[in-house]
Amino acid sequence: MNKALRKAVIAGNWKMNKTPAEAAELVSAIKPLVADADCEVVVCVPYVDLQYVVESCKGTNIHVGAENVHWEESGAFTGEISAPMLTAMGVEYVVIGHSERRTYFGETDDTVQMRVRAALNAGLKPILCVGETLEQREKDITFETIAIQTKIALSGVSEEELDSIIIAYEPVWAIGTGKTATDEQANEVNHFIRGLIADLYSKEAADKFVVQYGGSMNAGNAAGLLAKEDIDGGLIGGASLKPADFAEIVKAASK
Ligand code: PGA
């Protein structure tokens, strides 16, 4: 099975939650619970928590990510954070193109592409988010939407660079709503994304490419989703703030 070629990646997305002191508490609760994970474990945390979380995860199996990154290396961009700033702190991953950034902060496919480029140039691993809105699903343009988002974001990315990228399929209607896509719905789109990678690059690249699902994944539904052939992990919002639930998802991905 091709799935055996891929190591699952479970990434927490803390969003705008946790002060540094609260982050310290959360990460120390998570550490022992995921210590024997047989999958990649990542926590993507607010900028102000990065320094503590990076330090605290040194020597553990937890990898650390940021939740966004600007496309320029430096300059007059008040309030923004660049990729070299993140790598200088020891950050390894970065979430790019999350639907909350697209919806509330004017993120477009073009700025997503620029951020992916900047992240790769600096040696960060992008967790690239794609997903359709409820309206797009109802109009039956889910696959078109995913194809456009994916193709634009990956334009200019070489097959070698692709090794550093993960795509998270996150149907917008499932994020933070408690409405999970069914295992079949999620797998269908993940499979489609893998097909796009095969078309754009090669079958070999597609076989080893990690495609996560995200959107109300939790301790109860993770095992079913993760058992699907094309679901190689998850991007977890709400449940990543609850150590026992997050650990349960990590365990489901470790099977
Ligand atoms: P959720 O968020 O798990 O709370 O739905 C997922 C995400 O936004 O990445």
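Definitions and cut-offs
Residues numbered from 1 in each chain as written. Predicted model: local features only at pLDDT ≥ 70, side-chain atom pairs only at ≥ 80, totals over all residues. Heavy atoms only, no water. Near = heavy atom within 4 Å. Polar contact = N/O pair within 3.5 Å; in protein donor to acceptor, adjacent residues only side chain to side chain. Areas by Shrake-Rupley, 256 points an atom, 1.4 Å probe, with all protein chains shown as cover. Phe/Tyr/Trp six-rings, centres within 6.5 Å; stacked < 30°, edge-to-face > 60°. Helix = DSSP H or I, 4+ residues; strand = E, 2+ residues; numbered from the N terminus. Buried < 20%, exposed > 50% of the residue type's maximum accessible area, 1.4 Å probe, protein only. Lys, Arg positive; Asp, Glu negative; His and termini not counted. Salt bridge = Lys/Arg side-chain N within 4 Å of Asp/Glu carboxyl O. Contact = heavy atoms within 4.5 Å. Core = buried A, V, L, I, M, F, W, Y, C linked by side-chain atoms within 4.5 Å. 1 Å grid on protein atoms, 1.4 Å probe; cavity = no way out; pocket = protein on both sides within 12 Å on 5 of 7 lines; lining within 4 Å. Points joined across faces, edges and corners; volume = space filled by probe spheres on them. Nonpolar A, V, L, I, M, F, W, Y, C, P; charged D, E, K, R; others polar.

**Description of the site of the ligand**
Move 1: Taken together, 13 residues surround the ligand, and among them K15, H98, E170, G176 and S216 come closest.
Move 2: One of the backbone nitrogen or oxygen atoms of G176 is found 2.7 Å away from an oxygen atom of the ligand.
Move 3: One nitrogen or oxygen atom from the main chain of G237 is found 2.9 Å from an oxygen atom belonging to the ligand.
Move 4: Against a free-state accessible area of 280 Å², the protein chains account for coverage of 95% of the ligand.

**Things to note about the packing of aromatic side chains**
Move 1: Going through the model one piece at a time under the given rule, you end up with 3 aromatic pairs.
Move 2: Relative to F192, the ring of F143 lies with its centre 4.8 Å away and its plane at 50°, an arrangement referred to as tilted. Of this pair, F143 sits in helix α7 (residues 142-153) while F192 is found in helix α9 (residues 183-200), placing the two residues 49 residues apart along the sequence.
Move 3: On the basis of relative accessibility, which here comes to 29%, the residue F143 falls in the partly exposed class.
Move 4: Judged by relative accessible area, F192 falls into the partly exposed class, the value being 25%.

**What about the side chain of K3?**
Move 1: When you line up the elements, K3 lands in the segment before β1 (9-13).
Move 2: Of the buried charged residues, K3 lacks a salt bridge, with D232 as the closest side chain of opposite charge at 4.6 Å.
Move 3: Looking at K3, its side chain comes within polar contact range of the main-chain oxygen of L226, at 2.7 Å.
Move 4: A distance of 2.7 Å separates a polar side-chain atom of K3 from the backbone oxygen of I231.
Move 5: In contact with K3, not counting residues within four places along its chain, are L226, A227, K228, E229, I231 and D232.

**Focus on the environment of I81**
Move 1: Assignment of secondary structure puts I81 in the loop between β3 (62-66) and α3 (83-88).
Move 2: Those residues within four positions of I81 in sequence are excluded, and the remaining contacts are Y47, V69, H70 and L86.

**Focus on the pattern of salt bridges**
Move 1: Across all of its chains, the model carries 14 salt bridges by this definition.
Move 2: Note that R102 is salt-bridged to D109, the shortest N-O span being 2.7 Å.
Move 3: Between E107 and R115 there is a salt bridge, with the nearest N and O atoms lying 2.6 Å from each other.
Move 4: Taking relative accessible area as the criterion, E107 reaches 7% and is therefore assigned buried.
Move 5: Residue classification places R115 among the buried residues on the basis of a relative accessible area of 8%.
Move 6: Residues participating in the shared-partner salt-bridge network are R6, R194, D230 and D232.

**Description of the environment of I96**
Move 1: On the secondary structure map, I96 appears in strand β4 (residues 93-96).
Move 2: Considering only alpha carbons, one finds I96 and K125, 29 residues apart in sequence, at a separation of 9.8 Å.
Move 3: When neighbours within four sequence positions are excluded, I96 is seen to be in contact with V69, V112, R115, V116, A119, P126, I127, L128 and C129.

**Regarding the nonpolar core**
Move 1: Judged by nonpolar contacts, the single largest core of 66 residues is most densely connected at I10, W14, V53, L154, I197 and Y213.
Move 2: At 6 residues, the largest contribution of residues to this core is made by helix α12 (residues 243-253).
Move 3: If we ignore the near neighbours within four places in the chain, the residues touching L154 are L128, L162, I165, I167, I197, L200 and Y201.
Move 4: Judged by nonpolar contacts, the second largest core, of 12 residues, contains V95, I127, I166 and L235.

**What about the layout of surface pockets?**
Move 1: Taken as a whole, the largest pocket spans an internal volume of roughly 460 Å³.
Move 2: If you go around the largest pocket, you meet 17 residues; those closest to its centre are K15, M16, E67, R101 and F105.
Move 3: The greatest single-element share of the lining of the largest pocket, amounting to 3 residues, is contributed by helix α4 (residues 99-104).
Move 4: When its residues are assigned to classes, the lining of the largest pocket shows 8 nonpolar, 4 polar and 5 charged.

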